[in-house]
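Structure assessment
Listed here are the chains, written in short residue letters.
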Amino acid sequence: MVLTSHGRPPDGGGGCGLSFDQFLSPYYLFVTAGIDVALASPRGGPPPLDPGMDQREADPVLAARFRSDNAARDLLADTLKLSQVAPEDFAAVLYPGGLGALFDLPADPVSQGLIEAFARAGRPMGFIGHAPAVLAGLRRPDGAPFVAGRRLTALSDREGWGTGAAPAPAWSAEQVLRGLGADYRCGPEGRSHLVRDGLLVTGQNTASAPGVARELMTLMA
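Let me begin by describing the structure that accompanies this report. (Residues numbered from 1 in each chain as written. Predicted model: local features only at pLDDT ≥ 70, side-chain atom pairs only at ≥ 80, totals over all residues. Heavy atoms only, no water.)

For the rest of this paragraph, the subject is the pattern of salt bridges. All told, the structure shown has five salt bridges when counted by the stated rule. The residue Arg158 makes a salt bridge to Glu189 at a minimum N-O spacing of 2.5 Å. With Arg158 in helix H5 (residues 157–161) and Glu189 in the loop between strand S6 (183–184) and strand S7 (194–197), this pair connects stretches of sequence that are 31 residues apart. Relative accessible area serves as the criterion here: at 43%, Glu189 is assigned to the partly exposed category. Across the pair Glu215 and Arg196 runs a salt bridge whose closest N-O atoms are separated by 3.2 Å. With a gap of 19 residues between them, Glu215 in helix H7 (residues 209–220) and Arg196 in strand S7 connect regions that are remote in the sequence. Residue class for Glu215 comes out partly exposed when judged on its relative accessible area of 22%. Looking at Arg196, the relative accessible area reads 43%, which means it is partly exposed. (Salt bridge = Lys/Arg side-chain N within 4 Å of Asp/Glu carboxyl O. Helix = DSSP H or I, 4+ residues; strand = E, 2+ residues; numbered from the N terminus. Buried < 20%, exposed > 50% of the residue type's maximum accessible area, 1.4 Å probe, protein only.)

What follows is the structure in structure tokens.
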């Protein structure tokens, strides 16, 4: 699982980071299934948590489990640096969202290399919420955007920002992906919505996180 290290948006106001709930439910689905999980981020160490995401715990039972799970807490407090990760050691990769993922991972060369390695090897990849925008920095061998023409979803502007003015493109996973020619598919607000394109699995929001994890496990089988 690849997590953001970015805790401060470009305007310097507020905070951003990892969506804790988008991490939590996939993590425990994997662990319960007997899958070994490694956590990595660009800087390593503890990822910042996004204060604007998940105002209510999506699953208080899992949150309580995490609070009493020293092994999980230690993993999250000391993530590997992405540069320490060998893609060939892993059967799948999952990027949880949170606003921070828009600002460090799309341009991170190590993250780009990891995704390219998984794509070449034909291994499944999952992205949730803001995280599908991580794909924005990748290009195909012919120079076209990696996401051009691909079916996917991500956090919608309406879901992330309400009914007011749309955010600037740099703050919008939906606009970033549409602008690169992705075949963006939006589902109902606040409800699970998954889109699979080959071995690429994307989820629109926190409610989609368990479904993305289950789909990855199916593809790994």
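That shown, we press on.
What follows deals with the environment of Tyr28. Summarising the element assignment, Tyr28 is placed in helix H1 (residues 20–32). In this structure, Tyr28 is in contact with Leu62, Arg65, Phe66, Asp69 and Ala72, ignoring residues within four places of it in sequence. (Contact = heavy atoms within 4.5 Å.)

Per the stated rule, a full pass over the model turns up seven aromatic pairs. Between Phe20 and Phe23, the aromatic rings sit 6.2 Å apart at their centres with planes inclined by 40°, giving tilted as the arrangement. Here the residue Phe20 and the residue Phe23 both occupy positions in helix H1, the gap between them amounting to three residues, near one helical turn. For Phe23, a relative accessible area of 0% puts it in the buried group. For the ring pair Phe103 and Trp171, a centre distance of 5.3 Å and an interplane angle of 75° mean the geometry is edge-to-face. Here Trp171 lies in the loop between H5 and helix H6 (173–179) and Phe103 lies in the loop between strand S3 (93–95) and helix H4 (109–121), a separation of 68 residues in the sequence. Take Phe103 and Trp171: they sit in the same class, and that class is buried. (Phe/Tyr/Trp six-rings, centres within 6.5 Å; stacked < 30°, edge-to-face > 60°.)

A word on the side chain of Asn205. Mapped onto the elements of the fold, Asn205 is located in the loop between strand S8 (200–203) and H7. Overall, Asn205 belongs to the buried group, its relative accessible area being 5%. Within the structure, Asn205 has its side chain in polar contact with the side chain of Glu159 (distance 2.8 Å). Engagement of the side chain of Asn205 in a polar contact is seen with the side chain of Ser208, the distance being 2.6 Å. Aside from chain neighbours lying at most four places away, what touches Asn205 is Gln22, Ile128, Gly129, Leu155, Glu159, Pro188, Gly190, Arg191 and Ser192. (Polar contact = N/O pair within 3.5 Å; in protein donor to acceptor, adjacent residues only side chain to side chain.)

Here the focus is the nonpolar core. Among the nonpolar cores identified, the biggest contains 34 residues, and Tyr95, Leu114, Ile115, Phe127, Val134, Leu135 and Val147 are the most heavily contacted of them. Per-element tally for this core: the top contributor is H4, with three residues. Setting aside residues up to four positions removed in sequence, Leu135 forms contacts with Ile115, Phe127, Phe146, Val147 and Leu200. By size, the runner-up hydrophobic cluster in this structure holds 25 residues, among which are Leu3, Leu62, Ala72 and Leu216. (Core = buried A, V, L, I, M, F, W, Y, C linked by side-chain atoms within 4.5 Å.)

One open sheet accounts for four strands, arranged S3-S4-S8-S7; its pairing is mixed. Of all the strands in the sheet, just S3 and S7 have a single pairing partner and so form its edges. Neighbour to neighbour, the strand axes of the sheet diverge by 15° on average, direction disregarded. Note: strand S4 (residues 125–128) against S8, four bridges, orientation parallel. Within the sheet, the bridge partner assigned to Phe127 lies in S8 and is Thr202. Against the sheet, H4 engages S3 and S4, with an angle of about 135° to S3. (Pairing = 2+ DSSP bridges. Axes fitted to C-alpha atoms, helices over the stretch in contact; angles between N-to-C directions.)

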